[in-house]
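If you want the building blocks of each chain, they are given just below.
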Amino acid sequence: MLHVNKLKGKMTEKGFTVATISEKIGMDSSTFYRKLSKNKFSLEEAESISRVLELSHEEAIEIFFAA
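Anyway, here's the lowdown on the structure attached to this text. (Residues numbered from 1 in each chain as written. Predicted model: local features only at pLDDT ≥ 70, side-chain atom pairs only at ≥ 80, totals over all residues. Heavy atoms only, no water.)

## A look at the pattern of salt bridges
For side chains of opposite charge, pairing can occur when their charged atoms come near one another. Going by this rule: A side-chain nitrogen of Lys or Arg and a carboxyl oxygen of Asp or Glu constitute a salt bridge if their distance falls within 4 Å. Secondary structure elements follow DSSP: runs of H or I of four or more residues count as helices, runs of E of two or more count as strands, with numbering from the N terminus. We call a residue buried when its accessible area falls under 20% of the maximum for its residue type, exposed when it is over 50%, and partly exposed in between, using a 1.4 Å probe and counting protein chains only.
Applying the stated rule across the entire model yields four salt bridges. Put simply, glutamate 62 and lysine 6 hold a salt bridge, and the shortest N to O gap is 3.3 Å. Separated by 56 residues along the polypeptide, glutamate 62 in helix H5 (residues 57-64) and lysine 6 in helix H1 (residues 4-14) bring together distant segments of the chain. Residue classification places glutamate 62 among the partly exposed residues on the basis of a relative accessible area of 43%. The partner of glutamate 59 in a salt bridge is lysine 10, with the nearest N and O atoms 2.7 Å apart. Highlighted residues: glutamate 59 in helix H5 and lysine 10 in helix H1, separated in sequence by 49 residues. Here the salt bridges do not stand alone but share partners, grouping Lys10, Glu13 and Glu59 into one network.

Fair warning: the whole summary comes from geometry, so function is off the table for now.
Below, the structure is given as structure tokens:
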């Protein structure tokens, strides 16, 4: 399950908005919002977001695979 608050926190910490992240990963911002609200990012999308945010492996696991 996606840990939305941690993802939003990292986005803010790194100075990214939904619009800038979605542009960098090639996704419409409305689609990003929808996926964020439904906790439904694919593995490829999670990897792309992790690269853009320069997340460590541990941070990515905490955010995208929260228990």
